[in-house]
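Observations on the three-dimensional arrangement
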Amino acid sequence: WIHHLGRHAVACFLTRGDLWQSWEEGADHFEGLLLDADYALNNFNWLWLSCSGFFYQYFRCYSPVAFQKKNDPNGNYIRRWVP
C-alpha cells in the first residue's frame, strides 16, 4: 500500500519529472505490486499524471524531494523504509 500522493510523486518523477519513462510501464509495475490495485483507476491515474491525456494543469508536477521535505522534514520515513 502507498498513499495516493506518494503514487503521484512516483508517477510524475518517472514520466515527466526526470526519467521520461512511459506511463504504461509504471502502471504495469504498480499493478503487479499493489495490494489495492484497480486496473481502471491505476491506468487512468498514470495516464493523467504523465500528461498524456486531458490534463489542463500540465505545469503541476509532484516532486518526490519537495513532497518529502514538506511531509517528513526529518527524513524518518526514508531512513526506515528506503535502504
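Scroll up to find the structure.
This one's a predicted model, so the numbers in the text were calculated from it and none came from an experiment. (Residues numbered from 1 in each chain as written. Predicted model: local features only at pLDDT ≥ 70, side-chain atom pairs only at ≥ 80, totals over all residues. Heavy atoms only, no water.)

**Looking at unusual backbone geometry**
Residues other than glycine seldom take positive phi values, yet tryptophan 20 does so here, at roughly 55°. Secondary-structure assignment places tryptophan 20 in the loop between helix H1 (4-17) and helix H2 (23-33). The class for tryptophan 20 is exposed, based on a relative accessible area of 62%. (Helix = DSSP H or I, 4+ residues; strand = E, 2+ residues; numbered from the N terminus. Buried < 20%, exposed > 50% of the residue type's maximum accessible area, 1.4 Å probe, protein only.)

**Some details on helix H3 (residues 39-49)**
Three or more residues of H3 are buried, namely Asn42, Asn43, Trp46 and Leu49. In an axial view of H3, the angular spread of the buried residues amounts to 140°, which keeps them on one side of the axis. Opposite the buried face of H3, by more than 90 degrees, sit the exposed residues Ala40 and Leu41. Those residues of H3 hidden inside the fold are in contact with H1 and H2. Between the side-chain oxygen at the start of H3 and the backbone nitrogen of alanine 40 there is a gap of 3.2 Å, and the oxygen is on aspartate 38. Two residues or fewer after H3 comes cysteine 51, characterised by a positive phi angle close to 65°. (Arc of directions from axis to C-beta. Contact = heavy atoms within 4.5 Å. Polar contact = N/O pair within 3.5 Å; in protein donor to acceptor, adjacent residues only side chain to side chain.)

From the geometry alone we can't say anything about function, so treat these as descriptive.
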